[in-house]
Amino acid sequence: MIDRPDPTVLLTQRSAHLNDHAGQISFPGGKIDAADASPLDAALREAEEEVGLTRQFVDPIGYLDLYGTSFGFRILPTVAKVRPGFELRINPAEVDDAFEVPLAFLMDPVNHQLTARNSAAWSASITPCPTVSATSGARPAGILRVLYQRIFAS
């Protein structure tokens, strides 16, 4: 989350030529490598590789619950506050674009559509935000729904 007067969430669009999840919307981050000391280290490394977001601008907050997908992926969402002043450098080998969406929009339940639920994960879309829909960004939408529940559920 970018620490602006009206906070935003940084999202990416994966490169169209990738073998897995081509063209889909995602958060910066990715697979844990053997050299990574922790999931946080992997998230920071991947964010720098994908969009050039250097660690000096990132203040980690913590993790959300492990998020499972119907394809067997296990995602440990890492939440961090990003200080303004960074300059993104898109790596076209990994992403085609990076953009910000207002956090207030993403956390407004009026914009949530729960399309399915199973034991592994929520399938959700944030509407009418076409960039975070069930077809292009089911995982980010589901993770954002988990964040919403963590903050607002009673």
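Up top you'll find the structure we're talking about.
What counts and what doesn't
Residues numbered from 1 in each chain as written. Predicted model: local features only at pLDDT ≥ 70, side-chain atom pairs only at ≥ 80, totals over all residues. Heavy atoms only, no water. Helix = DSSP H or I, 4+ residues; strand = E, 2+ residues; numbered from the N terminus. Buried < 20%, exposed > 50% of the residue type's maximum accessible area, 1.4 Å probe, protein only. Contact = heavy atoms within 4.5 Å. Areas by Shrake-Rupley, 256 points an atom, 1.4 Å probe, with all protein chains shown as cover. Pairing = 2+ DSSP bridges. Polar contact = N/O pair within 3.5 Å; in protein donor to acceptor, adjacent residues only side chain to side chain. Core = buried A, V, L, I, M, F, W, Y, C linked by side-chain atoms within 4.5 Å. Salt bridge = Lys/Arg side-chain N within 4 Å of Asp/Glu carboxyl O.

A. Geometry of the overall build of the protein. Regarding its fold elements, the protein presents three helices and nine strands. Sequence-ordered secondary structure for the protein, helices as α and strands as β, is β-β-α-β-β-β-β-β-α-β-β-α. A burial count over the protein gives 41% of its 154 residues as buried. Across the protein, contacts joining residues at least 24 apart in sequence account for 53% of those joining residues at least 6 apart. Accessible area for the protein stands at about 8500 Å²; split by element, carbon and sulfur atoms hold 55% of it.

B. Layout of the pairing of strand β1 (residues 8-14). Extensive coverage of β1 is indicated by the burial of five of its seven residues. Looking at chain direction, β1 and strand β7 (residues 95-102) are connected through seven bridges and run antiparallel. Its bridge partner being in β7, T8 is matched across the sheet by P102. Sheet topology places β1 next to strand β2 (residues 25-26); two bridges connect them, and they run antiparallel. Considered in β2, the bridge of Q13 is made with I25.

C. Inspection of the sheet that holds β2 at higher detail. Spatially, the three strands line up as an open sheet ordered β2-β1-β7, and their pairing is antiparallel. The open sheet has two edge strands with one neighbour each: β2 and β7.

D. Main features of the environment of D33. Considering the arrangement of structural elements, one finds D33 in the loop between β2 and α1 (39-51). Taking the relative accessible area as the measure of exposure, D33 reaches 37% and is therefore partly exposed. A sequence separation of 13 residues divides D33 from E46, and the C-alpha atoms of the two residues are 9.8 Å apart. A polar contact is formed between the side chain of D33 and the side chain of R45, at a distance of 3.3 Å.

E. Fine view of the nonpolar core. Formed by 16 residues in total, the largest nonpolar core has its most connected members in V9, L11, L64, F99, V101, L106 and M107. Elements with a contribution of two residues or more to this core: β1, β7, α2 (103-106) and α3 (138-152). Looking at this core element by element, the count peaks at five residues for α3. Formed by 13 residues, the second largest nonpolar core is a distinct cluster that contains L10, V58, V82 and F86.

F. Highlighting the pattern of salt bridges. For the coordinates displayed, the defined rule picks out eight salt bridges. Of the charged contacts in the structure, one is a salt bridge between E46 and R45, with a shortest N-O distance of 3.3 Å. A relative accessible area of 15% places R45 in the buried class. Among the salt bridges present, the one from E49 reaches R45, with a minimum N-O distance of 3.0 Å. One end of the pair is E49 and the other is R45, both in helix α1 and four residues apart, which spans about a single turn. Here the residues in one salt-bridge network are D33, D36, R45, E46 and E49, joined through shared partners.

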